[in-house]
Amino acid sequence: MKKYYLLLSTILLLLTQSIFAQQPQKWNATDIYNQIEKLNFLGSVLYIAAHPDDENTKLISYLSNETKARTGYLSLTRGDGGQNLIGTELKELLGVLRTQELLAARRIDGGEQFFSRAYDFGYSKEPEETFEIWNKQEVLSDVILTIRKFKPDVIINRFNHRTPGTTHGHHTASAMLSVEAFDKTNDASVFPEQLKSTSTWQPKRLFFNTSWWFYGSEENFKKADKTNLFNINTGVYYPLKGKSNGEIAALSRSQHQCQGFGSTGTRGNETEYLEFLKGDFPKDKTNIFEGINTTWSRVKGGEAIGKILYDVQNNFNFKNPEVHLTKLVEAYKLVNQLEDEHWRTLKKQELENIIVACCGLYLEGVASIQNTNPNGEITLKIEATNRSNEPIEIASVDFLNTKILENKKLENNVAFKVEKNITVPNTSSFSSPYWLNEKGTLGLFSVNDKNQIGKPESDYLKLRWKLNICDTTFDIYKNIVYKFNDAVKGELYQPFAVLPEVTTEILNKVELFPNNRKHKISVKIRAGKDNCKGDVLLDLPADWKVYPKSIPFELAQKGSEKTVSFEVTPPYYATEAIAKSIAIIDNVRFDKKLVTIDYPHIPLQQVLLPSEAKFNKIEIETRGSNIGYVMGAGDEIPESLRQMDYNVTVIAPEKITAESLLEYDAIIMGIRAYNTVDLLKFKQKILLDYVKNGGTMIVQYNTTGKLVTPDLAPYDLQISQDRVTEETAEVTFLDPKHTVLNYPNKITNKDFECWIQEQGLNYPNKWAKEFTPILASNDKGETAKQGALLVSKYGKGHYIYTGLSFFRELPEGVPGAFRLMANLIAIGK
């Protein structure tokens with residue numbers, strides 16, 4: 001019985017994971033018909049790759065909308081190691097954003113979304129390095145668990161498992177794990193602990209979603225042996241949707257906004273190629289389900305169900321779907337009697353959704369406030385409207401096994417509304433991404449509750465609606481939501497959240513102490529309830545002196561904030577410490593900060609992270625005072641520069657003039673500025689003239705993609721895909737006497753210790769003789785890369801191009817990165 005409820009919980013999640021679109025799901029007659037078609041297809045396919053945006057949305061959309069298969073995407077990581085074109089979220093917070101972008105994409109293309117616990121630690125050139133950092137066995141366990149729970153007939157890999165070293169190591173690793181999992185998911189001796197909540201499973205066949213790109217060129221692809229290649233025309237048109245498959249796929253892919261993957265829809269025939277790898281070889285090379293029974297006869301007792309439901313599909317009444325209620329309920333009763341636990345649970349939930357939609361039944365529980373605390377009381381506005389002629393009765397509405405409403409008959413098209421007060425249990429977990437609740441490793445999130453593994457997001461608090469429809473009882477689960485009316489946008493929805501009574505945040509997540517003087521450290525306190533009263537303290541190792549030991553606070557209103565300050569004196573020697581801000585209310589310690597991620601294309605995200613900051617007592621000298629920073633794709637370097645006591649002005653591109661640049665000791669271009677800021681094509685001459693007249697210009701990495709101007713530098717400079725992904729790679733000084741390695745700070749190999757994720761990326765591989773290469777390093781087994789830091793004299797000033805990952809190192813408080821940046825700014829001074 002326990003196993004059944006675990007399975008039910010899993011499938012309920014799969015079918016409701018996308019509830020927080022900007023508006024709740026409201027099916028029209030076409031939507032209902034499409035769902036009935038999917039109800040009558042008993043087959044599934046799982047697509048596997050490494051990151052958000054790796055998935056082929058054309059294929060996922062085709063399989064879901066044309067084939068009608070249950071289609072899932074397993075992304076091994078959440079994309080934490082990427083960049084961000086729309087904001088400053090990086091690392092774990094970027095992973096939260098990209099998770100929601102994937103869910104938004106699946107809401108459009110009809111797929112379902114899954115993840116492993118693997119952390120995207122950044123670019124990796126070889127799968128063996130990836131496996132070492134991830135912990136291969138743990139990630140393999142997650143892949144097998146997903147397959148056992150989802151039970152796909154077909155698995156499709158995005159990448160080639162046979163070509164390590166030719167692409168991102170994560171890519172090849174995802175394919176290698178999928179191939180290995182295919183042979184092990186049906187073996188009860190492999191990860192036997194999983195069988196307490198699921199069962200073994202053997203997929204029928206495994207494919208690799210290839211294309212000419214994997215062959216190096218279209219010409220090579222034309223010559224290739226295609227004996228094992230299947231071709232699928234995904235360029236179909238859906239008359240009931242009014243869109244081609246390519247248009248739906250483009251809308252889906254365009255949800256990856258933080259990666260800049262906005263796409264234009266396509267129309268007309270398009271071919272996807274699948275290379276057969278393992279399993280039963282189908283005869284029909286255009287049908288990956290050929291030979292697999294995808295009808296109701298697949299399930300013992302299913303033929304009688306199919307007879308009913310195929311008739312409903314073939315004679316569907318688009319004008320009045322409620323005429324099918326009697327037949328649908330009849331089929332529902334038979335589904336309830338199926339012996340096959342997997343199909344019974346899955347199809348039962350699908351039928352419940354269809355029956356509710358045919359009734360035009362609107363069910364909603366809206367919280368009076370967007371968030372509360374454990375043991376907090378809220379008012380629920382309950383609404384139920386039956387827009388059919390079928391008599392419906394609410395037997396009860398339950399919140400965590402407590403009845404809050406019972407025995408209410410719903411009249412036709414009469415909105416029933418009532419308000420009820422409920423108390424959120426004191427044991428309720430906070431509403432934060434479950435994979436961030438514990439501290440993980442460099443390559444793997446730690447998840448103590450194994451039932452959460454694979455889920456795209458944390459569970460939400462729900463209401464259970466027990467309904468009587470056609471003399472049959474249904475249990476319908478709906479998330480509690482919060483909604484409000486915006487004067488411009490109208491009705492808006494947000495997830496209802498459970499948050500701590502108080503959160504705190506050290507305002508500077510990195511604090512540099514270049515000398516022995518004390519610093520004023522600001523801590524922001526945010527009330528999570530009315531009349532929030534307690535003490536806040538700053539916890540540091542004993543060799544750091546903090547005054548005062550604690551500060552009392554009192555905040556009258558929930559959501560109000562107050563900033564207090566502590567004086568911190570560092571030790572006299574160079575050292576690093578983790579500072580923690582802790583609030584205490586009635587002897588209960590609260591040590592989290594609240595981070596809000598709010599973009600129009602995803603639901604509001606409220607993330608709880610440890611309220612910590614890195615304090616660094618370092619030896620550093622700086623020259624110059626005023627820095628102008630031109631933001632590119634988005635980074636946090638301006639704040640890091642302020643930590644070095646520079647006056648930093650973020651300059652809007654349109655404000656760049658010869659006169660405005662005169663006040664700056666250096667101009668620094670943000671990451672990917674020449675990929676993302678179109679106005680720079682008109683401003684580059686002004687910037688280079690600034691250098692020519694004696695200024696210092698530091699340009700950070702750009703990609704090999706479209707550049708807004710060919711005149712990136714005053715001399716020839718060609719960006720490549722060269723990178724050094726091993727942050728511990730040994731660095732050689734090519735010109736040890738050069739100013740940037742000696743003034744005002746003496747740079748040594750020690751300054752390249754403690755770097756994170758990677759040393760740098762997109763280094764130039766060709767440059768004019770006017771440039772001096774300063775550094776060389778390389779990943780294991782590769783030749784030295786010398787394009788990490790290039791310095792040139794231009795006129796009276798200096799132009800510097802660097803692919804070093806300052807955008808990662810400075811916000812993480814890496815001492816050597818600060819010292820080297822100080823030297824770059826000081827050149828010529």
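Everything that follows concerns the structure shown earlier in this document.
Residues numbered from 1 in each chain as written. Predicted model: local features only at pLDDT ≥ 70, side-chain atom pairs only at ≥ 80, totals over all residues. Heavy atoms only, no water.

(A) The arrangement of the pattern of salt bridges in detail. Going through the model one piece at a time under the given rule, you end up with 41 salt bridges. A salt bridge links Lys-125 to Asp-779; the shortest N-O distance between them is 2.8 Å. Here Asp-779 lies in the loop between strand S41 (775-776) and strand S42 (789-794) and Lys-125 lies in the loop between strand S3 (112-115) and helix H5 (127-134), a separation of 654 residues in the sequence. Judged on exposure class, the residue Lys-125 and its partner Asp-779 are both buried. Among the salt bridges present, the one from Glu-621 reaches Arg-623, with a minimum N-O distance of 3.2 Å. Glu-621 sits in the partly exposed class, given a relative accessible area of 40%. By relative accessible area, Arg-623 is classed as partly exposed at 27%. (Salt bridge = Lys/Arg side-chain N within 4 Å of Asp/Glu carboxyl O. Helix = DSSP H or I, 4+ residues; strand = E, 2+ residues; numbered from the N terminus. Buried < 20%, exposed > 50% of the residue type's maximum accessible area, 1.4 Å probe, protein only.)

(B) Representation of the sheet that holds strand S9 (residues 271-279). Spatial ordering of the open sheet is given by S3-S2-S1-S4-S5-S9-S6, a layout of 7 strands whose pairing is mixed. The two strands at the open ends of the sheet, each matched to only one other strand, are S3 and strand S6 (229-233). With direction set aside, neighbouring strand axes in the sheet form an average angle of 30°. The sheet contact formed by S6 and S9 spans 5 bridges and is antiparallel. Its bridge partner being in S9, Leu-229 is matched across the sheet by Glu-275. Each of strand S1 (44-49), strand S2 (70-75), S3 and strand S4 (154-157) is contacted by helix H6 (residues 136-150), which is oriented at about 165° to S1, the strand it contacts most. (Pairing = 2+ DSSP bridges. Axes fitted to C-alpha atoms, helices over the stretch in contact; angles between N-to-C directions. Contact = heavy atoms within 4.5 Å.)

(C) Representation of the packing of aromatic side chains. Using the criterion set out here, one finds 29 aromatic pairs in the structure. Seen from their ring centres, Tyr-332 and Phe-474 are 4.4 Å apart, and the 35° between their planes marks the pair as tilted. Of this pair, Tyr-332 sits in helix H11 (residues 325-335) while Phe-474 sits in strand S17 (residues 472-479), and the two are 142 residues apart along the sequence. Each member of the pair Tyr-332 and Phe-474 is classed as buried. Plain terms: the ring middles of Trp-755 and Phe-806 are 6.4 Å apart, the flat faces sit at 55° to each other, and that makes the pair tilted. Of this pair, Trp-755 sits in the loop between strand S38 (732-733) and strand S39 (760-767) while Phe-806 sits in helix H16 (residues 806-809); the two residues are 51 residues apart in sequence, bridging distant segments of the chain. Comparing Trp-755 with Phe-806 shows no difference in burial state: the two are buried. (Phe/Tyr/Trp six-rings, centres within 6.5 Å; stacked < 30°, edge-to-face > 60°.)

(D) Structural context of the nonpolar core. With 93 residues, the main nonpolar core has Leu-641, Leu-775, Phe-806 and Ile-825 as its most contacted residues. Setting aside its immediate chain neighbours within four residues, Leu-775 contacts Val-731, Thr-732, Phe-733, Leu-734, Leu-741, Phe-752, Lys-785, Gln-786, Leu-789 and Leu-804. Grouped together as the second largest cluster of nonpolar side chains are 57 residues, Tyr-33, Ala-331, Ile-355 and Ile-476 included. (Core = buried A, V, L, I, M, F, W, Y, C linked by side-chain atoms within 4.5 Å.)

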